[in-house]
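Given next are the chains, with one letter for each unit.
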Amino acid sequence: MEYKEISQAVISRLPRYYRYLGELKDEGVERISSQELSKKMHVTASQIRQDLNHFGGFGQQGYGYNVEYLYVEIAKILGLDKEHHLILIGAGNLGQALLNYNNFERRGFIFKGIFDHNPKLYGLKIRDIEIRPMEELSSFIKKNDIDIAVLTIPKISAVTVAEKLVECNIKAIWNFAHIDLNVPENVQVENVHLSDSLMKLSYNSSRYHDIGKK
Ligand code: NAI
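The shown structure was predicted, so the numbers you read here are calculated from the model rather than taken from an experiment.

**Student:** Describe the environment of asparagine 103, and please don't skip the residues or the numbers.
**Tutor:** Checked against the element boundaries, asparagine 103 lands in helix α6 (residues 103–106). Within the local environment of asparagine 103, its side chain forms a polar contact with the side chain of tyrosine 101, the two groups lying 3.2 Å apart.

**Student:** Give me the packing of helix α1 (residues 8–26) against helix α4 (residues 67–77): which residues, what numbers.
**Tutor:** In the contact formed by α1 and α4, the axes pass within 9 Å of each other and the chain directions differ by 145°. Considering the relative orientation of α1 and α4, their crossing is left-handed. Between α1 and α4, the contacting residues are Leu14, Tyr17, Tyr18, Leu21, Gly22, Leu24 and Lys25 on the first element and Val67, Glu68, Leu70, Tyr71, Ile74, Ala75 and Ile77 on the second. Of the residues in the contact of α1 with α4, the class split is eleven nonpolar, one polar and two charged.

**Student:** Can you break down the sheet that holds strand β9 (residues 188–191) residue by residue, with the values?
**Tutor:** Within the open sheet, the seven strands sit side by side as β5-β6-β4-β3-β7-β8-β9. Their pairing is mixed. Where the open sheet ends on each side, the last strands, each with one partner, are β5 (125–126) and β9. Pairing analysis gives two bridges linking β5 to strand β6 (residues 129–133), with the strands arranged antiparallel. What sits directly across from lysine 125, in β6, is glutamate 130. Lying over the sheet, helix α7 (residues 137–144) contacts β3 (84–89), β4 (109–116) and β6, oriented at roughly 170° with respect to β3.

**Student:** Give me the lowdown on the pairing of strand β7 (residues 148–151), citing residues and values where you can.
**Tutor:** Side chains Ile148 and Val150 project from β7 onto one buried face, and the interleaved Ala149 and Leu151 project onto a second face that is buried too. When β3 meets β7, the two strands line up parallel, connected through four bridges. Bridge assignment links leucine 88 to a residue of β7, and that residue is valine 150. The pairing of β7 with strand β8 (residues 172–175) spans three bridges and is parallel.

**Student:** So what about the nonpolar core? Which residues, and what values?
**Tutor:** Tyr17, Leu21, Ile48, Leu52 and Ile74 are the most contacted members of the largest nonpolar core, which totals 22 residues. Secondary-structure elements contributing two or more residues to this core are α1, α2 (34–41), α3 (45–53) and α4. A per-element tally of this core places α1 first, with seven residues.

**Student:** A description of the domain arrangement of the chain should follow, citing residues and the corresponding values.
**Tutor:** By the assigned domains, the chain splits into domain 1 (8–77) and domain 2 (84–196). The distance between the C-alpha centroids of domain 1 and domain 2 comes to 32 Å.

**Student:** Please give an account of the site of the ligand that cites residues and values.
**Tutor:** Around the ligand there are 22 residues in total, and Leu94, Asp116, Phe176, Val192 and Leu194 lie nearest to it. One of the backbone nitrogen or oxygen atoms of leucine 94 is found 2.8 Å away from an oxygen atom of the ligand. A distance of 2.6 Å separates an oxygen atom of the ligand from a polar atom in the side chain of aspartate 116. In the complex, the protein chains occlude 75% of the 850 Å² of accessible area that the ligand would expose alone. Counting residues per element, the ones that place at least two in the shell around the ligand are α5 (93–99) and α8 (155–167).

**Student:** How would you summarise the packing of aromatic side chains if you had to cite specific residues and measurements?
**Tutor:** The way to describe two aromatic rings as a pair is by their centre distance and the angle between their planes. What the rule picks out here adds up to six aromatic pairs. The interplanar angle of 10° and the centroid separation of 4.5 Å between the aromatic rings of tyrosine 18 and tyrosine 71 together place this pair among those described as stacked. Residue tyrosine 18 is found in helix α1, and its partner tyrosine 71 is found in helix α4; the two are separated by 53 residues along the sequence. The same class applies to tyrosine 18 and to tyrosine 71, which are both buried. Taking the centre distance of 4.8 Å and the plane angle of 70° together, the rings of tryptophan 174 and phenylalanine 176 count as edge-to-face. Given the relative accessible area of 22%, tryptophan 174 is considered partly exposed. Taken together, the aromatic side chains of Tyr101, Phe104, Phe111, Trp174 and Phe176 make up a single cluster linked through ring pairs.

Calculation rules
Residues numbered from 1 in each chain as written. Predicted model: local features only at pLDDT ≥ 70, side-chain atom pairs only at ≥ 80, totals over all residues. Heavy atoms only, no water. Helix = DSSP H or I, 4+ residues; strand = E, 2+ residues; numbered from the N terminus. Polar contact = N/O pair within 3.5 Å; in protein donor to acceptor, adjacent residues only side chain to side chain. Axes fitted to C-alpha atoms, helices over the stretch in contact; angles between N-to-C directions. Left-handed = near helix turned anticlockwise from the far one by under 90°. Contact = heavy atoms within 4.5 Å. Nonpolar A, V, L, I, M, F, W, Y, C, P; charged D, E, K, R; others polar. Pairing = 2+ DSSP bridges. Buried < 20%, exposed > 50% of the residue type's maximum accessible area, 1.4 Å probe, protein only. Core = buried A, V, L, I, M, F, W, Y, C linked by side-chain atoms within 4.5 Å. Domains from an automatic or database assignment. Near = heavy atom within 4 Å. Areas by Shrake-Rupley, 256 points an atom, 1.4 Å probe, with all protein chains shown as cover. Phe/Tyr/Trp six-rings, centres within 6.5 Å; stacked < 30°, edge-to-face > 60°.

Structure below.
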């Protein structure tokens with residue numbers, strides 16, 4: 001299948017399609033119409049059709065979508081058809097919580113190494129992975145074919161550490177530090193800020209109640 005350039009808005013909806021299709025697949029569902037998927041996902045059927053049309057015309061009138069096929073194709077688009085090797089930098093509260101969540105592995109995201117600058121943590125293990133000093137970062141990345149770095153360190157050191165990661169040829173950073181990273185164009189950064197999500201919830205909740213009062 002030939003892939004066109006796909007907008008980030010569409011890409012951001014793909015993981016959700018992927019999750020729902022995975023559930024349908026597990027339930028033994030072989031095909032589904034955009035209307036049925038729409039009801040399940042609370043997204044309009046036309047949005048679903050538009051989104052999925054980017055990946056070829058495999059939805060057929062009167063047939064719907066082949067669940068298995070669509071699931072596999074979306075996995076390929078999301079790069080889930082191959083294993084990703086991750087390192088995490090910052091083995092504190094957040095870092096440990098992420099490392100202890102074993103569902104990432106099921107999706108092919110494998111933590112290979114953990115780094116921290118606190119000597120008290122060196123040699124300790126989280127789910128069998130040893131915490132290493134930052135001095136070993138560069139050689140570890142080279143040896144272990146690492147493609148994603150997870151940053152769970154305070155924002156004051158995040159920029160410097162990101163620069164180091166770029167020097168080590170890392171091309172993808174999952175950034176939890178509350179700061180924008182200045183990286184070259186060929187390095188992808190995905191910022192995750194739980195507090196942004198909470199503020200959005202706060203906005204939507206306040207707006208809903210304000211409208212309700214009118
Ligand atoms: P923490 O203090 O428990 O852990 C931070 C760890 O990073 C410590 O083990 C520390 O030794 C290590 N560290 C600090 N500077 C380092 C450096 N230059 N190189 C290597 N290791 C370094 O903090 P916590 O609660 O885990 O939070 C970590 C960061 O994540 C904070 O900046 C916090 O603001 C942010 N955070 C972001 C969230 C989000 O949704 N994006 C949610 C929660 C926290």
